[in-house]
Every structure is written in C-alpha cells, then in structure tokens.
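Chain and residue survey
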Amino acid sequence: MTATGFFTDTSVCIGCKACEVACKQWNQLPADGNFFSGRSYDNTIHLEATTWRHVAFVERSLQLSGQITARPFSWLLMSDVCKHCERAGCLEACPTGAIVRTEFESVYVQPDVCNGCGYCVVCCPFGVINRREDDGRAWKCTLCYDRQKAGGEPACAKACPTDSITFGKLDELREIARKRLELLHSRGVHEAYLYGMTDDDQPGTEGLHAFFLLLDRPEAYNLPPKPTVPTKGVGASWGTMGVAAAGMVAAAVAAVRFVEGGKK
Amino acid sequence: MSQALTSGLKIGREMDPDLAMLTGEGAQQRVKQAEPDAGSIVPLWRQVSSRPAESPPDYYRLPLLKEPVWIWSVPAYFYLGGVAGGCAVLAAALPGKRRFDALASWCRLLACAGVTVGPALLTWDLGKMTRFLNMLRVFRPSSPMSVGSWSLAGTGMLATLSLLLGKKAPSSVRYGTAFGGVMVAGYTGVLLGNTANPLWLEKRRLLPPLFIASAIASTAGALELRPLNQHEEKVVQRFGMVGKVGEAAAMVAMERRTPTNKEAVYGVEKGRGGLLWNAAKVALVAGVVLDLIPAKSTARRKASGVLTTLGAICLRYALLETGKDAAREPQAVIGPQRRRMQGGG
Ligand code: SF4
Ligand code: SF4
C-alpha cells in the first residue's frame, strides 16, 4: 500500500473546530470537562489522550504581511495532530510492540497490547501521545485506520469545510503543498513555509506523514523548531554506561583485592 | 458650555484649566508598572515599561511536551534495581573465603530481592497491571525499556538461582547474575536519557554513570546497615567510597550549567525537584564525612549507611521531579533547538 497522510494548510483554517468534533465523534472520545481556559478560543489547550485533533488559536497584536487592520492584530489558526513521523519516537521506544506501522505507513497504537508503561509519552518529541487516566493505556490519533481500511478518509479531513486538512497519498499531498506554497509566495505571503514535509525539512524525524503549511515560526503554534527522535543519539548513553559498568566491576574487584592483599 | 461640562461632570480624568491640575475620579490612578528610576537622565534606549520585553515566542506559555506519567513506585524501583546490581557484582567479586560468607549471602539475598520486588513496583505503575508479560512480547534494541525488561527478567532468574544454590552456585551463574546486575543498575540511566525530555536528553551522557555510581553507593549504604565483620566492613567501605565519590562527581557535572539548556535548569531550581536534589547532595556529603572519621564504631557506620541510602533515594525522586518541571517549560524545548539551528547544527 502507498503511504497516506495529512497536509494541513493553516492559511485557510477558520478555527471552526469541526475537525476536533468530528474526531471525537468518530473515535468516541470523551469530553475533556467543562473548563474555561481563558486563552483565546482555545479550550482544549493541547493534544491529549482524548483529544486527537486540536485547533490552536494564536491571537496576537501583531500585523501579518498583506494584512490591513485598524490596529495591529492577527490570528493564526492551526489544526494540530499526531505527526505520524517517518521515524517515530513513540514507536521506537515502545517495549511491548504495541505501537506499529500500518500498511498505510501511519503509526498506530494497538490498544489490546499496550500495557501503559508510559515510555512513549516521554519519547515523543512533539508531546502528542499520552496515557489515559481512566483506562491506563496510551492513546493518540490513528489516522482513522478503521476508516482507511474501509476505503474512506479520516473524519477530520472529511469534516473540514475549508479543506485546510487534506488527506491523500503522501506524494500527491507533497505536490499539492508545493503548489500552494508557490501560490502564497507569489501573492506576497512570504512567511509561508512547509513544516516537516520531507527528510530535508526535518532530518530529526526524517519527515512527517502529517505535515503543515505554517505562517509563523513553529514555536508560535507550540511546535518544536528542530525535533529529533530520541533514539538517534542513544548510542552515546549506552557508551557511557559501558564505561561506567566497567568501572563498577573494577571497583568491586579492587575493593575485595585490596583487603585481601593487606591481610596477607 | 464646555466650562459647565468640565466643572459639572467630574467623571473620568479631566484637566481643570484654572488650576492646571487633574481632577475627577480617574485622577488618582497610579501606573501599575512604574518606569524604573534611572536618575535624572533617562537613556533613550531604555525599553518603555508599558510594553513588555519581546519574549521568545511560544504558545501562551503552555507546555510543549507531555510530562512523564510515572508515579512514586518508579523511582523506588530505580533505587532497588541499583542495590540489586551492586550486590550482584560484589557477590561475584567476593572470594569464596569463610570470612566473607555472611557478606556474600547478604549480597545474594539483596540482589534477588531487588530484581523481584523491583518489577513488582514497576508493574504497580503500569496502567494495565495485568500485562507485565507484554514487556517480553518483543525484543526491541532501540528501546532501553525493552532491553531493561529482558535484563530484569534474566537477572531475576539468575539471582534466584544463585540465592538457592548459595555458595555452590557455579561461576557461570555468579558471573551471569553480575552481568545482569550491571545492566539493571545502568540501563535506567540510558532509559531516561533516551527521551525527548529536555533535561534528561541534555544529560544523556551523564545519567548512566550517575546511576551506576549511585548504585554502588546504595549497595554499600544498604550493606553498611547489616552486621559486618572487620574484613567485610573494609570491603564494603572501599566499594562504597568509589560509588559515593563517583556519585558526587556526576552530580557536580550534572549541575554545571551548560549554556545549551539554561531554561530547563532555571525551572528546576525552584520546584520540588530542586529541593530533593539538594537533599540528596546534603545526605551524600554527610555520609562521606561520617565515613572519613577514623574512629571505629558500628553506630557511625550505620548512620553513614542511612544517610547514603537517603541520598540515593532522594536523587532518584529528584530526577523524576525535575524532569516533570522541565517538560512543563516550553522554552526548555524551544530554546536549545533554536540555538542549535542558529549554530547550523
Ligand atoms: S508525533 Fe509523537 S506520537 Fe505521533 S508518531 Fe511522532 S512520535 Fe509518535
Ligand atoms: S504505554 Fe503502551 S504504547 Fe506506550 S510505550 Fe508503553 S506499551 Fe508501548
């Protein structure tokens, strides 16, 4: 099967949260409780074990290029989701093999295998996956594996009224994204850029299967500017552990020998 | 007309043209943030106080990463695993002389207890407690947690075997247990370092030596609480001293404020994690000082053992708590990554 994914074009997002709602409905995710964040229109705050799409509202007194308002003011909107990384920190860390790569090359947590050790939670460089309090297992976006299996598209992409979320084959998505970027640049939106589309854009994860067109620095949307899958540098830790382990053995042998020698 | 208005309606903030002063109920307003006093000359380049300094962008200061979900039983397991590892190594290194028999059997007992109670504590933290065996469903070298689970299972068997066989255990079992013990004591450091957590990631080369050194110290600390004969005491103290000095050195190295992630360290200094970290330092140093007093006394030895144990336990909780603090600070993730980008890395 060919790889599928999401291209999320934030320049057309209107912040209607249809994707959030569609995702919750289809995947039967519980509500996050009635609380008022007081932060713009964003009441889900972040991706969670029970929130697999999250719309960020970046509300600032700043002017964007080409914008005409009486006062400097702008809104950036972005529907965030699990990135289904080409090299996924969660997958490489999972000790039970619960996290697998599907035939659509998305990253999927098998709920019947996950034992809730929580190691994936600290190994995701995007802060996506989390353990649910009530059932003790790790959950995140499945890229609607069930719908894809039946030949459909994910619920969020289906519900998005502006096509800010586009679902499709990865190669085609990249083509669409490049064209869109060119168009925006030709219209003078020079800030626009593609986040994490390919290995070149984001070597730390070797590219994302859910990538974004952004209009400001990643950190303005709570995305890391240069994420890296932790496993890429684990050799250094094993190396120093080896040296320290040798030291431990030497210390034990020396402690015993020394006493022995002194006694004779 | 306007005269009547200004004198009749004293709302808001108005200028009385006759007295040249502000009147009205708004006239008493104070500025919330006063301009910093710069003497008589206000330099032009000073920032206007009503506009906050441009801070590096993030999303409403909300955390970028998820906090570790682990509960109290995980650091407790880290401690027990360390003791088990140190004991397994010491048991293998002890010569089979009669005067070391008691110490060797203590070592075997503690090693076995550590690697059996430890996994029980780990299982306690699992969201799904019934599923510990899933850990042994696959072997995944890219996951220190998987490597650790296998080491734990293997060492558990070997340590039980050497406890049962006692002195008669063949050297293959003894050395096997020792090897497994080293893995159990050290992999936890690799496990923390192999995460996206800004603090642990930053210290990924230091964490394994810290865990191993602290495992040696904890082993000695635990054994110092037991009745020991003169020879055993010497062995334990020498072994322990290496660990304590190593632990102190690793802690100092951890503290060195590497400029690559000052944000993570800043968050850490204030929280509960910082408190635990300092407690660990104090207990460790106090234990070493007691060790260095030349007088021979069992009470002194035991006090030192208690302090060392306390220090080792505090250290592990400090690592978890500071890790949580660091995960909550978005700039701890963004800052270093930005700087790496600017450095062209
Ligand atoms: S974004 Fe995080 S949870 Fe999603 S695939 Fe990547 S590492 Fe896994
Ligand atoms: S919590 Fe579940 S999915 Fe995550 S690493 Fe552990 S077993 Fe794997």
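Residues numbered from 1 in each chain as written. Chains lettered and ligands numbered in written order. Predicted model: local features only at pLDDT ≥ 70, side-chain atom pairs only at ≥ 80, totals over all residues. Heavy atoms only, no water.

**Digging into the pairing of strand β10 (residues 210-214) of chain A**
All names here are of chain A. Buried residues dominate β10, accounting for five of its five residues. A two-sided burial pattern is seen for β10, the buried positions comprising A210, F212 and L214 on one face and F211 and L213 on the other. Bridging between strand β1 (residues 4-9) and β10 involves four bridges; their strand directions are parallel. Counterpart to D9 in the pairing with β10 is L213. (Buried < 20%, exposed > 50% of the residue type's maximum accessible area, 1.4 Å probe, protein only. Helix = DSSP H or I, 4+ residues; strand = E, 2+ residues; numbered from the N terminus. Pairing = 2+ DSSP bridges.)

**Regarding the UniProt feature "transmembrane region" (unreviewed entry) in chain B**
All names here are of chain B. In the numbering adopted here, UniProt assigns the feature "transmembrane region" (unreviewed entry) to residues 69-94, 106-127, 147-166 and 178-200. Within the segment residues 106-127, helix and strand shares are 91% and 0% respectively, and the terminal C-alpha atoms sit 34 Å apart. The annotated region residues 178-200 carries 83% helix and 0% strand content, and the separation between its end C-alpha atoms amounts to 27 Å. (UniProt positions renumbered as here; feature names shortened; annotations may be inferred.)

**Notes on the interface of chain A and chain B**
Each side of the interface is counted separately: chain A has 78 residues, and chain B has 71 residues. Sorting the residues of chain A by area buried against chain B places Y119(A), K226(A) and M248(A) first, and these three jointly supply 12% of that buried surface. Applying the counting rule to chain A against chain B returns two salt bridges. A salt bridge links D125(B) to R131(A); the shortest N-O distance between them is 3.6 Å. Where chain A touches chain B, the interface holds 25 residue pairs in polar contact (both at pLDDT 80 or more). When contributions to the side of chain A that touches chain B are tallied by element, the ones reaching two or more residues are β2 (53-60), α2 (89-93), α3 (119-123), β6 (130-131) and α7 (234-263) of chain A. Counting residues per element, the side of chain A that touches chain B draws most heavily on α7(A), at 19 residues. Classifying every residue of the side of chain A that touches chain B gives 47 nonpolar, 17 polar and 14 charged. (Contact = heavy atoms within 4.5 Å. Buried area = accessible area lost by both parts, 1.4 Å probe. Salt bridge = Lys/Arg side-chain N within 4 Å of Asp/Glu carboxyl O. Polar contact = N/O pair within 3.5 Å; in protein donor to acceptor, adjacent residues only side chain to side chain. Nonpolar A, V, L, I, M, F, W, Y, C, P; charged D, E, K, R; others polar.)

**Brief notes about the domain arrangement of chain A**
Looking at chain A, the domain boundaries give domain 1 (4-228) and domain 2 (230-263). Computed over C-alpha atoms, the centres of domain 1 of chain A and domain 2 of chain A are 44 Å apart. (Domains from an automatic or database assignment.)

**Considerations on the pairing of β1(A)**
A regular strand places its side chains on the two faces of the sheet in alternate fashion. All names here are of chain A. Here β1 lies mainly inside the structure; six of its six residues are buried. The side-chain alternation of β1 yields two buried faces, one formed by T4, F6 and T8 and the other by G5, F7 and D9. The pairing of β1 with strand β8 (residues 165-169) spans five bridges and is classified as antiparallel. Among the inter-strand pairings, T8 is bridged to a residue of β8, identified as I165.

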